[in-house]
Each structure stands twice: as C-alpha cells, then as structure tokens.
Amino acid sequence: MHFRTLIITLLLSLLSKPLYAAAVEKYLPKNHTYDQSIVKPQAILGFGLGERHIRHDQLIQYMESLAKVSNKVVLTDIGRTTEMRKQVLLTISHPDNIAKLPELLNRNDEGNNNDDPLVIWLGYSVHGDEITGSNAALAVAYHLAASQEQSVADILKNTVIVLEPSINPDGMDRFVNWVNTYRGTTANSDPNHIEHHQQWRTGRTNHFGFDLNRDWLLLSQKESQNRLAYFHQYQPHVLGDFHEMGANSSYFFQPGIPSRTHPLTPKKNTDLTQLLATFHGEALDNDNRLYYSQENFDDFYYGKGSTYPDINGSIGILFEQASSRGFQQDSINGLLTFEYGIQNHVLTSLSTIKGAWKNSAKFKDYRQKFYQESEKLIKKEKFSGYLITETKDKYRLNTFLKKLKAHKIDVMPLIEDFRFEGKLYKKDHSFYLPLEQKQYRVIQALFNQGTDFQDNTFYDVSGWTMPLAMDINFQKVGRTWGLRLAKNPWQPSNNLEIESTLDKSAYAYAFEWQAFLAPKLLNTLLGKGIKARVATKTFSSVIEGKTKNFSTGTIVIPAGIQKNNEWRNIIEQAANLNSIQIFNIQTGLTINGVDIGSGSIKPVAPVKVLLIGGKGSSQYEAAEILYYLDDTLNIPVTIVEKSRLSRIDLNEYTHVIMVDGRYADMSKSMIANINAWVKNGGVIFGQKRAAKWLSKAKLLQADFVTKEHINDLFDTEELTYQDKEKLSARKRIAGAIFETKLDISHPLTYGYTDSKLPLFRNSTLIMESVETPFITVAEYSPTPLMSGYTDRNLVNKIANNPAIIAHNLGKGRVIATTDVFTFRGYWLGSAKILANSLFFAKAFSASAE
C-alpha cells in the first residue's frame, strides 16, 4: 500500500509540472558542450527556467553562485535601491581579462586602446514587469560561463561582456509577486485574467513610481545614479536594452524610424545598428520567429538606455519582445508564452555579442572617430562655452553641478567676479562650462533648446533642457578674455556650506525662503511643535551690525510664543542639516517695513496631505509629487485610491492633491463632500485633467479651451489619408518647455526673485484668460516656447493665457495648473510652487467672483 501511494504521488508531481518548463540548455545553441561543474539556474532556483517568474533574490543568488565557481565571472555590487535590494553587474570574459580587469578599466578612462577587448553591455528589464529580460540574463550568463566551445572562448578572449540582469529590482519584485499571487496551478491564457492586469503602481516603475528608462540623462533616481559611474568606467562600445511591448506585437530591434533620430547622433551610429540588425534577423530567421525593425520607435530622447550610449561614443540598441505579461496569453499570433519571450531575448543577446565581436574593429574605430568628429564640431561652434550662476540657492546649483559631474562633464569655478553683457557673475556662485571637452555631445544634449525638427512625431519628450528645468541661469559665452578660472574642475564637498549658531537671547529668528530645502526645514520645525510665521510684507533688521533686508516669504520664529523646551537646539540642528542660514533678530522693532509682531507676519500651520491615487490617476505624476514631498522634503503623503475616497474623512487633512487622470466617475456625493471640505478651509490642488475636472465640478473658476477649438486651429481641407499621423503629431504636445511670467508678489511664488520661470507641459489643456484680478499666479509669455516641439498654432493659443490660477472658495483655496511642476524628479525650478501651495495657501486671499 505504501509503495502504491508513493507511485501515485510521483505521477501527480510529474503531471503538475508544466510541460513547457525548460532546462537552461533549451534556450541555448544546440549541440553545445558545457562545463558540468558550472552551476545551472535550475539547481539554484529549484525549477526550470521559464517555469515560474523568478524573484530578484533568486536572480542574485544564482549570479552569486555562478561567480563563485567560474574564473570567467566577476559579480559587482553597485548599490542599493530604495527598498534595499542589490543592484549588480556581472562581468564575463576570458580569465586573463578578468585578472587584469581593473587595469583594462583604468586604460578605458585614460583613453581608448584599440588592442583592448571590446566592451558589450546588456541591460535587462529596466521596466520590472518586462521580466523576460531578467530571466534571459540567467541563460546568457550560464552560456558564457559554462560553454566549452572554441567559438565562445574566442569571443571571450576579445570581449568584456557586462550583464545588468535587473535594472529595476523593486519593480521586478512588485510584478513577480503579483503574477505569482494570481497565477493558478493550471495555466490560464485568457488576456482578461487578473494575472495580466496589475494594480495602479505597476512593476514597470521603481519604488516611487518612476520610469527608470527615462532617467539615464536626468539622474533623479538612485538606481540611475548607482549605475552611471560604472557605465562610464566600462565605456561599452555596444549596449543592448531589453524590453517588452503589447502581447499582439512580435519582436522589434533597432534601428527605429530613421527620421526620428536626434541630430547629435552620428549617421554612422545608425549604420552600425543596421549592421547588428542583420545578426538579429539571422538568429530569429533560423527559428522562424516574427520580428520587425525601422518602425514605431524613435531614437531621439537621450534619457533612455538605448539612446544615452549614442552621445557617449557607443551604439545603443533597443529590443522589444511581445509580452505575455504573466505566464502565457492568447494573442493574434497564437499562444504567447513566457518561455517564448525568454528565448527571443536570449537569441538577440547572443546575436548582439556575436555581431559586435565579428565587427570589433568597426566599433572601436567608430568610438575613436566619434570623439574626433566632436572636436571638429566644437571648432565650428560660434561660442566657447556656458556661464552658469545661481546666487540664492546653493542646493539647486550643487544638484545641477553634481549631475554634470556624473556625466563626466568638467565645470570650472570662477576665482574672480566677471561681468558679461551687463550681468555680474559672482565668483562664489558662478562657473564656466567649456565646450572643448570629451563630453561635448552630452553638454549639447543637456543644454540644447531646439524647437525645429526634421520629424515632429515624438515617442517621448522633445524638450528637456536641464538648466531650464532646474531654473539655473546660463549664458553662451563667445570669448573668455578676462575670465579667471580655477585650475581644477568643480568637485562636490560633504562639508556644511552654511552653519548657524543661535543667539540664545535673540528676540526672534528668521530664515529666507529662496533655499530649495527651506520647506523641508519649515516642515521639520512645525512637526516638532515650533511655531513659525511667514512674512507677507518686507522688513529690515540689523543683523550683526549691518542692515539686512528680508523679502516676502521669510520665515520668522518669535521666541516669546515657543513651548518646546528644546526649540532652539531643534532649529539649530535642523538648519545646519539642511545648510540654511538662521538669522538672529534682537528686537521686534524693525528699521524698515513691518515689525515682527505685525499681522502681516502670518502664522503657518502644519500640513497633512492626501493625494488621490489609484486606477484612473497618473502613477507617474503621483510618483513625481510623492518623491518631491516625501523623499526630498520629508513631508508624509497619504495616498488614497479614488475607490476608497468616499470612506475617508477629509476633515483630517489640510490639503488634497489631484494629478492628471480620469475623474468623470466621481459621484455627486463625493463632489459635494470635496466642495464642502474646501469651503470649510481645505486646500485642493489639481494639475492637468484634474484642473479641468475642478472646473467642471464648479470648484475652479476657469474655463478651458475645448477640443473642438483645438481642432479648428488646423486646416485639414487638402490632407490625404497618409497625412493622418502627421496631423496627430501636430495636435500633440509630447513634452516641451514654456516660458511663464510669475506674479512674484503672490504668496505662491515666495522664494522666486525672477518673474520668468520655465514650466514643463505635455498636454494641450489650455486655460482661458480670466478677467477676475489677482487670481492668475502665472501666465505664459507672448512667445512662450523655449525648448522642444509644439505646433505654432498651439503655441499662439497658449501665449498670454494662465499657467497657474489660485483663488478662494469659502474659507478654502483652489489651486490649478495645466503644467507639471515636478516632472521626472529633476524639475527643481517649479517644484517650490507646490510647497508654497502647502504652506502659504492661506497667506493669500483672492476672490474669484
């Protein structure tokens, strides 16, 4: 009886295993000999590759095991994610190359040596729910480490192959946990099954909700920051970037649409990409797999894994696999399995390695000529470099300089004040960025303000000019005569730039609002029970024997109203931590302007923020706001899905934030609740379609330009069917930068000293001009387009219209914009308006009637 039970158990066990689960060899070249001492993925995972979605810890465990048993492999820990998962690189090469890897990398840094091995970098699953890449990385790693074939030995002798097996570990595990939770023991290929439909925060994004495949250039997220130092250390000649797309697609590899390549990318780059495409095509042809090229995808925005290499002397290549977005899914091409997707990425990983190796001399020659051509382009420029300055906010300036440094761009400090075109550049706040350096094309990619392009259809943003985004003053310089510079480039410092000591006998203390982290300091103090006030009118006091003028927005902390016994120590420690100067005010009687006890120095209350999230709202815009408030300013944000909102007592919150999304399904009772809450003193902030919803709900007193009006701007009388795509592109703003004029007397603009502020917009939502005075906080300039593409009909319609409107509603406030203040985490220039909306909404009063 016992024997019979055992047999039945074994049979059931075998039947329960999916028939398509594969040993690693199934994904690899046939009739290949492998070293049996090299551990296989299934030995570590406990299941066959493709049988289940691997977790990140399982992936790391296998790579660690592989590095322990193979002298061809080195595993490098490059950092930790927000959720404390490891980011790793796996370097694979001939043992001789591995032994001298530090020397090879050092030679890379000093200047390319054509006798050194070709470097190939393969990056997988930057979108964590495009998981076939990370699984393919296991097979590729095993193949390269275990193969005993001479062909592979020859490749490894002449190449250094770098695998980044999981670019987005946090997103990867979010997706894997979802799929493994909802996958049944019996495979379900129905596209409607919950396994294929994630929640609002998908595995595509990182912890905060950022798309890391937009962050290579912007470097707002730690995953990108951790990686970039190693990218520049290895300086790959070829980089493969492995993704997934819709289930009803097939397989894509670059080149993309030829006319949609950024002009800074040399034509030879496309030629070499096409050369590699012949190897991908051959690999997929051999197994009769569907694929395509030169369609759908562009090569324009340099913040992606397949484009950033293009301005660094490398060839970046995008691969897109039709996604089963789970274990298997029915598609127009038949049953699409997880295993099939893994196989495709293995095939093109190996074809990339083979094609690059066989054409090694061409890729090395390309890199050399890339930088030689850059030198010629520099000589053709009509200016020598950029002057950069920011006098009021060291944080923004240093953050900007750190990003340039991360891109290997040298910036020279001024050692004497310099006057240029009527403007004084003070030495302590100003820098010179020369064009004549290796990273010329990266400089141009960051500073370029192009508005006219060969092809006006964009897969992503068309304008991203970094100094505009960070509101850093920059100016082209044609001559450098009289410009005195330091001998060495700028280097970041960990030392406190500002250190304050509080006078224990002072009547009050003050700090200015221009500093980027001033809202963080204020929030910290309010959270500790320290009472603070904001100056809505200017004043002057004597500070250390000199007259000091304080602008509106200055935070004043009177000594006489404090209750916390440790309040002075708290202020001093928090101020020094954020490098913000605290001024000791000795008397309440000022020498100019309002006195410290004036009603014009208004109390500031602690804030409690609710952000409406969940399905129907933009996970990206929510992520940007969450990152700014939570991670940068340390302000907790409560995210409540729309579906739960009706069960929430809004009276527990001071502010509600609404990002772009669909809000038409809000019930009448919910609208009434929000309306009552605002009228009772709540502050609601809405951007883009949320702003339009506020208008429809009669909370915002502003009208929007209708879609019909937008359509009427374009003459379609003589268009043919083939013009349909071009017309659609003209009616779209994929992402561009617009100049606005701020009302710098308004409390929502406290901290700004220049009325011109670049804002980012990626929609055609336009607020109509309003006749009511005092409610327009910012409006677009008469010629607003600063960077990126927008059709002139839309530019003209946007011109002079409001960008930000704010007004009273009962005791509360309504604040709305059609722009994105915290775009992709690097748009520091306009972020403070969001902070001002939290702390200073009650410092203004403007009726909309």
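Everything numeric here is computed off the predicted structure, so don't read it as measured data. (Residues numbered from 1 in each chain as written. Predicted model: local features only at pLDDT ≥ 70, side-chain atom pairs only at ≥ 80, totals over all residues. Heavy atoms only, no water.)

**Description of the packing of aromatic side chains**
Per the counting criterion, the structure on display carries 45 aromatic pairs. Residues Tyr509 and Trp567 carry aromatic rings whose centres are separated by 5.6 Å and whose planes lie at 65° to one another, so their mutual orientation is edge-to-face. Linking Tyr509 in strand β16 (residues 508-511) with Trp567 in helix α17 (residues 567-577), this pair joins segments that are 58 residues apart in sequence. The exposure class assigned to Tyr509 is buried, which follows from its relative accessible area of 0%. (Phe/Tyr/Trp six-rings, centres within 6.5 Å; stacked < 30°, edge-to-face > 60°. Helix = DSSP H or I, 4+ residues; strand = E, 2+ residues; numbered from the N terminus. Buried < 20%, exposed > 50% of the residue type's maximum accessible area, 1.4 Å probe, protein only.)

**Observations concerning the pattern of salt bridges**
Under the definition given, this model contains 35 salt bridges. One salt bridge connects Asp211 with Arg214, and the closest N-O pair in it is separated by 3.7 Å. Across the salt bridge formed by Asp665 and Lys642, the nearest N and O atoms sit 3.1 Å from each other. Here Lys642 lies in helix α19 (residues 642-645) and Asp665 lies in the loop between β26 (655-658) and α20 (668-679), a separation of 23 residues in the sequence. Residue classification places Asp665 among the exposed positions, given a relative accessible area of 59%. Members of the salt-bridge network, linked through shared partners, are Glu130, Arg204, Asp211, Arg214, Asp460 and Arg824. (Salt bridge = Lys/Arg side-chain N within 4 Å of Asp/Glu carboxyl O.)

**Observations regarding the pairing of strand β28 (residues 736-742)**
Counting buried residues in β28 gives six out of seven residues, a clear majority hidden from the surface. Here β28 runs beside strand β29 (residues 756-761); their pairing, made up of six bridges, is antiparallel. Residue pairing for β29: Glu739 is matched across the bridge by Pro758. As judged from the five bridges shared by β28 and strand β30 (residues 776-787), these two strands associate in the antiparallel manner. Along β30, the bridge assignment pairs Ile737 with Ser787. (Pairing = 2+ DSSP bridges.)

**Observations regarding the sheet that holds β30**
The strand order across the open sheet formed by nine strands is β25-β24-β26-β27-β32-β31-β30-β28-β29, and the pairing between neighbours is mixed. Bordering the open sheet on either side are β25 (637-641) and β29, each of which pairs with just one other strand. In this sheet, neighbouring strand axes are inclined to one another by 25° on average, regardless of whether the strands run parallel or antiparallel. The pairing of strand β31 (residues 802-809) with strand β32 (residues 812-817) spans six bridges and is antiparallel. By the bridge assignment, Ile804 is partnered in β32 with Thr817. (Axes fitted to C-alpha atoms, helices over the stretch in contact; angles between N-to-C directions.)

**Some details on the sheet that holds strand β15 (residues 473-477)**
Strand order in the open sheet formed by four strands is β11-β14-β10-β15, and the pairing between neighbours is antiparallel. In this open sheet, the two edge strands, each paired with only one partner strand, are β11 (412-413) and β15. Sheet strands in contact with helix α14 (residues 440-447) are β10 (385-389), β14 (430-434) and β15, and its direction is about 55° off that of β10. (Contact = heavy atoms within 4.5 Å.)

**Here's the deal with the environment of Ala153**
Relative to the elements of secondary structure, Ala153 occurs in helix α7 (residues 150-158). A sequence separation of 274 residues divides Ala153 from Lys427, and the C-alpha atoms of the two residues are 56 Å apart.

**Section: the side chain of Thr817**
With respect to the secondary-structure elements, Thr817 resides in strand β32. Polar contacts involving the side chain of Thr817 include one to the main-chain carbonyl oxygen of Ala803, which spans 2.8 Å. For Thr817, the side chain forms a polar contact with the main-chain nitrogen of Asp819, separated by 3.1 Å. Once residues within four sequence positions are removed from consideration, Thr817 is found in contact with Phe685, Gly686, Gln687, Lys688, Ala691, Met767, Ala803 and Ile804. (Polar contact = N/O pair within 3.5 Å; in protein donor to acceptor, adjacent residues only side chain to side chain.)

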